[in-house]
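# Summary of structural features
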Amino acid sequence: MQGKIAEHIGSLAFVALVFAVLLVYLKHLEAADRQARAQAVAPYVSIPGIDFGNPRDRALFNEALNLFRPASPAANDSLISAIESYRQSRFTDPNLKTGAAERGLTWHVAGKLTVMYLQFVLVFGIVLGLTFYGAQSLGIYRFVRMKQGRGSYVEEFLQLVSRPNVGGEHLIRIRKASFLLVKGFLKGVAYAILFSPAYVIGYSFKASFETNSLLFMILLGVVSNGLLVNYANKFYTLLATENRKGYVETALVKNLGGEFFWNAPGGITYRSILSLPRHFPGHVLQHIYLNARHQYFPTLKEQASFLITGLIIIEMALNIQGHLCYELLQNILYRQYDIVLTILFAIFLLVKVTDILVDVRHHREELRYENRN
Amino acid sequence: MKTGTSRQVVLRLAHRGEQHIRWMFLWIAGLGLLWMWDLFFLNRPALSLVRAALFNSLLAGLLVVFFSMTLGWASGLLVYSLEKRKNTLPYIAVTFFFNLIRSLPQIVGILLGYIVLTSLIVQGILRAPFLQLLSMSFVVSLFVFLEVADLIRERIAHYKQLDFFDAMLCCGIKESRIVNVEILRKNSLAHLVHKGVAVFGMALFLQCSIDFILSVGLSTEVSSSNFPATLGSMLARMDSKQDILAISMVFSDLSYVSALCTRHLQGLNIAFAIVYTLVCVHNIANGLVRRYHL
């Protein structure tokens, strides 16, 4: 365990070092680039009598250049555009402004970023908790349906319509078939939402709802980007794998409950799937669930990383101003690399802290399973 | 009334073991239907753009699968051989580096990779559209391939515990052949295909997201207008976004659904293609798990 924590701390230190080196290098590069651009156009912008703001002077200068250097019209055009962008930067580049706010990572900016970061961590924590719970609930639900021998609604519909007719049950079959089709349609809609990238859902609701709210972000984080459905699938696979193990059959032979029908005596209830902590007393599912959950726990690290990807997509794609990742995008655009690297490091720190917490929790549980604590 | 043969076909398709094939057909049929619909209702310039974007996205997804498989296989074998030879320091260094990539949220890594690609495009190093697509796919695969590497290591570890591994060594078969041919190619093909399908879905999702973000958020140099059109960058266009925004009209006027399917086709088309492909890929992967008991 100590080795794992040392590795996490080592990677944090390594990334911090790399970012520090990168920051120094980028600052140096930016300054050198600005200086080189200024030097390249300096002899021309100071020519007396030419006002580059005047279109006539610009056209005259262009013609004069083409006369002096007729062999390189492309280079002449590049020079003109370089002069133009240099002139523009004198009005727009915050580095060249004297009255503008101080650029880069100041205490004021750091304070603003800290508030945004705490908000990001809060959303992350809530969504992680909800998806962890939701994925397990959905996984168990699918597992119970599998144990009941039920397939998808479309499969059930196809089986129903392909079954030979036995006299007098036409109406019942039509009703059942239409009911299955409606259920199948609703499931399809639910799948479409669960697999939709966040920006598709976000823009679909943008005109009707307040999409910049924290609540909407949490909701989007839970239901979009395929997060919930993919991890529910993972948990279901673990349950199915556990179910194939020998101890399950042994437990059933020894009369542990193995009935999987809803609300049947000794069966499973919807409430037991949704309740926290989940208990299936006297049922084999209790042991299948506990063992699957133990194996599922380390995937929380992967889930956390994917969730952060999802949250970044939500904040960046929906242009939610005042949020951490929107700020990240804006600072990439304005080349404020110190702020960019600080935000990236903060995000990396969040992933690493989650990794450490998951590893510690898993290690403790492993000790308990192996009777070593 | 149904004939016996058609009933058998229906039952066969309904059989759960065939789920992956059924969803593959459904995916192709769904995109085909969408195509037919577009031929009738979508204007020609938009149709050709959507066609190019869909083609580029699917091609990029396949390229990511190829790169991820190659990188994953190579890195899985590298870690295995370092572990086996007890090269402690290189082993620690390599696993440390891989864990570092794992900890970096994929979208952040890809975003940084795209910034590098943009500077290469601006400098004129990456000019050909196919080369740009290739490099975009490579960047995405750098943050996905570890899933394949983990699978490779897991499969080798699983088979190494069995007697047949030692038996083959005793028969004089080289270890590299046992690992590459007997374990991975002959006995793990279904696992690798399943992983390939999952990687394809992940690649499509990541690529569309990053292209959307770049088109929406960064409008100057780091812009997806530098890159070949994909579903994500097409969705970020103003007209497509207006089409998606129009969905919320349905909440106030249900009859607007018909207008959505004819007047706001471009954005809806692209969103549908992305979501439908992701759902189908998920179900194909699930079908493979069921069919081969993965």
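This text follows the structure it describes.
In this report, we go over the structure that sits alongside the text. (Residues numbered from 1 in each chain as written. Chains lettered and ligands numbered in written order. Predicted model: local features only at pLDDT ≥ 70, side-chain atom pairs only at ≥ 80, totals over all residues. Heavy atoms only, no water.)

With that out of the way, let us pick up the packing of aromatic side chains. This structure, assessed with the given rule, holds 22 aromatic pairs over all chains. Consider the rings of A:Tyr199 and B:Phe212, whose centres lie 4.2 Å apart with planes at 10°: the pair is stacked. Linking A:Tyr199 in helix α7 (residues 198–206) with B:Phe212 in helix α10 (residues 189–217), this pair reaches from one chain into another. Residue classification places A:Tyr199 among the buried positions, given a relative accessible area of 1%. Aromatic side chains A:Tyr203 and B:Phe212 sit 5.9 Å apart centroid to centroid with 70° between the ring planes, which places their arrangement in the edge-to-face category. Placement of A:Tyr203 in helix α7 and of B:Phe212 in helix α10 is noted, with the two residues assigned to different chains. For the pair shown, A:Tyr203 and B:Phe212 are each scored as buried. (Phe/Tyr/Trp six-rings, centres within 6.5 Å; stacked < 30°, edge-to-face > 60°. Helix = DSSP H or I, 4+ residues; strand = E, 2+ residues; numbered from the N terminus. Buried < 20%, exposed > 50% of the residue type's maximum accessible area, 1.4 Å probe, protein only.)

What follows covers the packing of helix α10 (residues 246–253) of chain A against helix α12 (residues 284–296) of chain A. All names here are of chain A. Contact geometry of α10 with α12 gives a least axis separation of 10 Å together with a crossing angle of 160°. The angle between α10 and α12 places the two elements in the roughly antiparallel class. The way α10 lies across α12 gives a crossing that is right-handed. For the pair α10 and α12, the contacting residues are Tyr247, Val248, Ala251 and Leu252 in the first and Val284, His287, Ile288 and Asn291 in the second. Grouping the constituent residues of the contact of α10 with α12 by class yields 6 nonpolar, 2 polar and no charged. (Axes fitted to C-alpha atoms, helices over the stretch in contact; angles between N-to-C directions. Parallel < 35°, antiparallel > 145°, perpendicular 65-115°, else oblique. Left-handed = near helix turned anticlockwise from the far one by under 90°. Contact = heavy atoms within 4.5 Å. Nonpolar A, V, L, I, M, F, W, Y, C, P; charged D, E, K, R; others polar.)

On the side of chain B, 51 residues touch chain A, which itself brings 52 residues to the contact. Between chain A and chain B, roughly 4500 Å² of surface is buried when both sides are summed, and carbon and sulfur atoms account for 70% of that area. Summed over the shared surface of chain A and chain B, the number is 0 salt bridges. The interface formed by chain A and chain B includes 5 residue pairs in polar contact (both at pLDDT 80 or more). (Buried area = accessible area lost by both parts, 1.4 Å probe. Salt bridge = Lys/Arg side-chain N within 4 Å of Asp/Glu carboxyl O. Polar contact = N/O pair within 3.5 Å; in protein donor to acceptor, adjacent residues only side chain to side chain.)

Before going further, it helps to spend a moment on unusual backbone geometry. Residues and elements named next belong to chain A. A cis amide bond links Leu276 to the next residue, Pro277, at an omega of -10°. Following the sequence through the fold, Pro277 ends up in the loop between α11 (270–274) and α12. A positive phi angle, close to 65°, is found at Asn225, a residue other than glycine. With respect to the helices, strands and loops of the structure, Asn225 is situated in the loop between α8 (214–223) and α9 (227–243). Using a relative accessible area of 6% as the deciding quantity, one classes Asn225 as buried. The phi dihedral of Asn255 falls on the positive side, at around 75°, and the residue is not glycine. Along the chain, the position of Asn255 falls in the loop between α10 and α11.

By themselves, these are just geometric observations and shouldn't be taken as functional.
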